[in-house]
Amino acid sequence: MNEWWILVGLLTVPLIAVYLNIPPPVPSTELYSWMSSGSFFTFKNYNIFYRDSWGAVGSSNVVILLHGFPTSSYDWYKVWEGLTQHFQRVIALDFLGFGFSDKPRPHHYSVFEQASIVESLAVHLGLMDQKINILSHDYGDTVAQELLHRYEQNRTGHLMINSLCLSNGGIFPEAHYPRVIQKVLKDAGLLASVLTRFMNYFFFSRGIREVFGPYTQPTEAESWDMWTGIRVNDGNLVMDSILQYINQRQKYRDRWVGALAAASIPLHFIYGPLDPVNPHPVFLTLYRKLIPRSTVSVLDDHISHYPQMEDPTGFFNAYLTFMNSF
């Protein structure tokens, strides 16, 4: 019997070693093209990936796109071309710890730092004296709320925000229902460092499909692109650290919800109502109650947590209608 367990151990150890050292997937042609069209700038010795496309001639509007967790700026690829036809510049970045940006560990990831990265990008691109429109999703919504707070408080180095459009983000902790794996990772302590090492495409793809609508599921290629963006620079190993944003949302709720409630700029929210993370009607009822100045676009009933990917036409038209309303 002892010899059997020794044999199992001898076989298991090298298999685990091989599994833990599986290299990240090679980017698809589409994802590689996205990366090749971008650039990097430096924030506190970290390399931050961004794309900056010059678009419509005659327009002076600039829009910065802020992506969600756990993905990257590539989330915007389906609406990118349409935006470049209506904006002078369309800009997106991968937050620190995401996509093609650096993913330091150990590191104290925070919404405040991500907001400072956006401000630094604006400085890098010479945009600090220009009015900027912000279009955000999920995690990016919270970063946008911090940017809005700094703008309304006239903090040194703040963006000159012209408008803010949010989408399917957990801006209210009391109406936000993180996935089970998110709750486990953010509070697992040392165990999280073990769990993140065993993350793989199979479990990721199952989880991501749960937050897409039944008729708007990501293709296999899209799922692999999202997973590849996570695995670049071992991003799966920093997920537990990044997920502290959920606790930060609770701690700074008054600051960030208050920024929306007191906003002096045009606000809009594009909502996929089948979202299990920010469910209907709980979320929408609370949003309309607490942010009455904001306008809202509710997409088709089957659209879920990733509206810009699930219904890019509806999402783009809703955003364009908002931009033409002021």
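Residues numbered from 1 in each chain as written. Predicted model: local features only at pLDDT ≥ 70, side-chain atom pairs only at ≥ 80, totals over all residues. Heavy atoms only, no water.

Engineer: Residues and numbers for the packing of helix H5 (residues 139–152) against helix H12 (residues 253–261), please.
Structural biologist: Running from N to C, H5 and H12 cross one another at 70°; their axes reach a closest spacing of 8 Å. In terms of orientation, H5 and H12 fall into the roughly perpendicular class. Listed contacts from H12 to Thr 142, Gln 145, Glu 146, Leu 148 and His 149 of H5 are Arg 255, Trp 256, Val 257, Ala 259 and Leu 260. The class makeup of the residues in the contact of H5 with H12 is 5 nonpolar, 3 polar and 2 charged. (Axes fitted to C-alpha atoms, helices over the stretch in contact; angles between N-to-C directions. Helix = DSSP H or I, 4+ residues; strand = E, 2+ residues; numbered from the N terminus. Parallel < 35°, antiparallel > 145°, perpendicular 65-115°, else oblique. Contact = heavy atoms within 4.5 Å. Nonpolar A, V, L, I, M, F, W, Y, C, P; charged D, E, K, R; others polar.)

Engineer: Requested: an account of the pairing of strand E5 (residues 131–136), with residues and values cited.
Structural biologist: The buried fraction of E5 is high, at 5 of 6 residues. Note: strand E3 (residues 62–66) against E5, 4 bridges, orientation parallel. Looking at E5, one finds that Val 63 is bridged to Asn 133. Bridge count for E5 against strand E6 (residues 160–167) is 5 bridges, and the pairing is parallel. In the sheet register, Lys 131 faces E6, and the bridge partner there is Met 160. At this point the chain moves from E5, through H5, to the parallel E6, and the crossover so formed is right-handed. (Buried < 20%, exposed > 50% of the residue type's maximum accessible area, 1.4 Å probe, protein only. Pairing = 2+ DSSP bridges. Right-handed = clockwise from strand over helix to strand, strands pointing away.)

Engineer: Residues and numbers for unusual backbone geometry, please.
Structural biologist: The omega torsion of the bond from Arg 105 to Pro 106 falls at -5°, within 30 degrees of zero and hence cis. Residue Pro 281 is bonded to the preceding His 280 through a cis peptide linkage, with omega at 5°. With respect to the helices and strands, the residue Pro 281 is situated in the loop between strand E7 (267–271) and helix H13 (282–290). Despite not being glycine, Asn 45 has its phi angle at roughly 75°, a positive value. Tracing the sequence through the fold places Asn 45 in the loop between strand E1 (39–43) and strand E2 (46–54). Residue Asn 45 is classed as exposed on the basis of its relative accessible area of 71%. Non-glycine residue Asn 233 carries a positive phi angle of around 60°.

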